[in-house]
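Structure assessment
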There are 2 protein chains.
Amino acid sequence: MQIDVPSPAGHLVIGLNAVLAAVEGDHPLVLCARADDGLWGLPYGPFDPESHRTFELGLRAFVTEQTRMRLGYVEQLYTFGDKGREAPSAVLRGGSTADRVVSVGYLALAPGANPIELEATAWRNWYDHFPWEDWRKGEPSILSAQIIPALRDWIESAEDAPLQRQRRDRVRLAFGFETSGWEEERTLDRYELLYEAGIVAEAARDGQIEGTPLQVADAAMSSDHRRILATAIGRLRGKLRYRPIIFEMMPASFTLLDLQRSVEAIIGFPLHKQNFRRGIDNSGLVHKTGNMSAETGGRPAALFTFDRSRTSGKAAQDRTIKGLTLPRLRLSPTEKL
Amino acid sequence: MQIDVPSPAGHLVIGLNAVLAAVEGDHPLVLCARADDGLWGLPYGPFDPESHRTFELGLRAFVTEQTRMRLGYVEQLYTFGDKGREAPSAVLRGGSTADRVVSVGYLALAPGANPIELEATAWRNWYDHFPWEDWRKGEPSILSAQIIPALRDWIESAEDAPLQRQRRDRVRLAFGFETSGWEEERTLDRYELLYEAGIVAEAARDGQIEGTPLQVADAAMSSDHRRILATAIGRLRGKLRYRPIIFEMMPASFTLLDLQRSVEAIIGFPLHKQNFRRGIDNSGLVHKTGNMSAETGGRPAALFTFDRSRTSGKAAQDRTIKGLTLPRLRLSPTEKL
DNA sequence: CTATATATGCTCTAGTTGAGCATTAATAAT
DNA sequence: ATTATTAATGCTCAACTAGAGCATATATAG
């Protein structure tokens, strides 16, 4: 698990980082570990070229070792190699004094949040680190109150007109001004913009401040882990629409409301109930188990299961392989840019 | 450009690989370089932690150096680290005797294929390496004639029933049997299946043969470059549908037929002309330049430009940021599985 | 027996998509 | 000139999809 090689100049270490996501009720969760610097971070470990035939095997090995969880669905996200965006404490556990740490991020999904018995490890609501991404109860107040004004300052502080224009266009796109509105899967775009503008704490930590550093209620994460988490959230949100990936996060059977709450937790905005069921229904992705759930608080709900063998039905003909048909949030921050 | 460090055991080298894509008429092209083993490969170079602040900067630097081209649009694809899938000749130019080469693939787009004056470097039609991916003139004959039968053998040669079932499901999904049909963006899934089944030449080269090795008219590429190219094609195909990325590959002005031919070259199947124009039209992505093209062979066509500042128009209201609305190829290989 | 909280069925309208007919405007071949 | 041939463009039509919301049914908690 450790790279025990003396490190000459220019030595490279590849860090594998896991975003293990789950949903519990209406809480989107991510498995976090307390890092040396006291911040929350993701589980990670060095890739060992000697013993790991592939990244994914290496990842599964160290996650199981560190958290005693076995991973199911796993997907590579992105490889970050930017100098200076890993925190100083990011020197990997092996103790190697690497010149350069490259982070390969992975997304893993769990069908529920098993309790963790480990010290300094916990399932955390990912919106604790991304309060501006949760529109389920309307526009997140932090947006119009703090973020948009700070971005406006950043735009206006650009040296010349072209740069200013470019910044404005990027903000418009990422935050959904004057376009089709907030696109939930642009989580990384938004985070990167906040970083560049010096609004999130990591920017100051890395010494990249150039805009208006802000007193945003802002839960930084260790190293470049919030960047990786942003990537994961965006990927997951986007993928819901074209692969039946949501069922990797559901228990064996569930009600349609369970399913809806899970989807809403991930995408971060509310859905029209009847239309949601209609969509699920003729997606052919699920079928009734025949049992009912009594724990609804109202009329009992039918329980459903993911239909892995859906080759039948008219709907299955077409929609199948795809994911869920979801509408768009048609809102934008109310504060003008 | 070279890692001049003595390599202890376990030393890692990160290779940056560029898929530089362009379209010329109805030919989808990729910039290739002749590798040491005589096969075509992609331009690549080692990532130098000393001088490159980010991967992307490193990539841009060595591509410009090697091919004298300046890259515009660039996007990271995937990081491959599987032991044994780089060819023996994959030891990077620096001459380092690395134990392990990790490949980071990038997709770069060019608005045309400028002629290359370099030795052993050429724009090549990517379907030369993926003949089964081009359905523009109907089902590629290689599919039913060779590939499907070979995959059938591979499925049947599975040791036990569960494995057999799993293989069959994967093939069904990747090649569009009994589902919504051929999904053009699954290029990588299909290539990986052919690799695992021992059907493509790289599998034999890497010593991974386990199925029926085949005499497919099959243009292998150096190292893991065909895998990277498959990733690039799939990503590009998928992205056409949700980002206006096609315009990165078009000249400043073009006719709608030019645009359609370019899209068809990429997605690999023909489109309904009138519907295509209607779609482009109310996407709000382009507008007429006012000039006409005489070189159509028929009635002169209006010339269009990509409208980068589309914040106007009713259609722009919604569709905008998105890409093109494209139909699906509703076909599957005719040979039964 | 009456709120309350969901679950579930259904309808209505506007818009989108897949196909294809018809017409217009160039060039190339009698 | 006339007549193919090749595309560019305009339009229509039916089937389907998506966004909203009304109406009912069936539990549990007073």
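Just so it is clear, the structure is predicted and the values come from calculations on it, not from any experiment.

**Re the overall build of chain A**
On a plain count of helices and strands, chain A comes out with 9 helices and 9 strands. The burial tally for chain A puts 57% of its 337 residues in the buried class. Taking contacts inside chain A between residues at least 6 apart in sequence as the whole, the part at least 24 apart equals 69%. For chain A, the accessible area works out to roughly 14,300 Å², and carbon and sulfur atoms hold 49% of it.

**Side note on the protein's contact with DNA strand C**
Every one of the 21 residues lining DNA strand C counts as a neighbour, but Lys273 and Arg277 of chain A together with His272, Gln274 and Arg278 of chain B are closest to it. Counting only the atoms of DNA strand C within 4 Å of the protein, the fraction contributed by sugar and phosphate is 56%. The separation between a phosphate oxygen of DNA strand C and a polar side-chain atom of Arg277 of chain A is 2.4 Å. A distance of 2.9 Å is found between a base nitrogen of DNA strand C and a side-chain nitrogen or oxygen belonging to His272 of chain B.

**Observations regarding the protein's contact with DNA strand D**
Neighbouring DNA strand D are 22 residues; Gln274 and Arg278 of chain A together with Lys273, Arg277 and Ala302 of chain B lie closest to it. Protein-proximal atoms of DNA strand D, defined as those within 4 Å of the protein, fall in sugar or phosphate at a share of 54%. One of the side-chain N or O atoms of His272 of chain A is found 3.0 Å from a base nitrogen in DNA strand D. Contact between DNA strand D and Gln274 of chain A: a base nitrogen at 2.4 Å from a side-chain N or O atom of the residue. Taken together, the residues of the surface near DNA strand D sort by class into 6 nonpolar, 9 polar and 7 charged.

**Considering the pairing of strand S5 (residues 73–80) of chain A**
Residues and elements named next belong to chain A. Along S5, 6 of the 8 residues are buried, which leaves the element largely enclosed by surrounding structure. In this structure, S5 lies alongside strand S6 (residues 100–109), joined through 7 bridges in antiparallel fashion. Residue pairing in the sheet places Tyr78 in a bridge with Gly105 of S6.

**Regarding the domain arrangement of chain A**
Residue and element names in this part refer to chain A. Along its sequence, chain A is organised into domain 1 (12–128), domain 2 (131–217) and domain 3 (251–317). Taken together, the contact pairs 7 residues of domain 1 with 10 residues of domain 2. Approximately 790 Å² of surface area, both sides summed, lies buried where domain 1 meets domain 2, with 46% of it carried by carbon and sulfur atoms. In this structure, the connection of domain 1 to domain 2 is made through 1 salt bridge. The salt bridge partner of Arg85 is Glu192, with a shortest N-O separation of 3.0 Å. Joining domain 1 to domain 2, the criterion identifies 2 residue pairs in polar contact (both at pLDDT 80 or more). In terms of residue class, the side of domain 1 that touches domain 2 is made up of 3 nonpolar, 1 polar and 3 charged.

**Notes on the environment of Gly279 of chain B**
Residues and elements named next belong to chain B. Along the chain, the position of Gly279 falls in helix H8 (residues 273–281). Residue Gly279 is classed as partly exposed on the basis of its relative accessible area, which comes to 27%. Sequence spacing of Gly279 and Leu324 is 45 residues, and the spatial spacing of their C-alpha atoms is 7.3 Å.

About the thresholds
Residues numbered from 1 in each chain as written. Chains lettered and ligands numbered in written order. Predicted model: local features only at pLDDT ≥ 70, side-chain atom pairs only at ≥ 80, totals over all residues. Heavy atoms only, no water. Helix = DSSP H or I, 4+ residues; strand = E, 2+ residues; numbered from the N terminus. Buried < 20%, exposed > 50% of the residue type's maximum accessible area, 1.4 Å probe, protein only. Contact = heavy atoms within 4.5 Å. Areas by Shrake-Rupley, 256 points an atom, 1.4 Å probe, with all protein chains shown as cover. Near = heavy atom within 4 Å. Polar contact = N/O pair within 3.5 Å; in protein donor to acceptor, adjacent residues only side chain to side chain. Nonpolar A, V, L, I, M, F, W, Y, C, P; charged D, E, K, R; others polar. Pairing = 2+ DSSP bridges. Domains from an automatic or database assignment. Buried area = accessible area lost by both parts, 1.4 Å probe. Salt bridge = Lys/Arg side-chain N within 4 Å of Asp/Glu carboxyl O.

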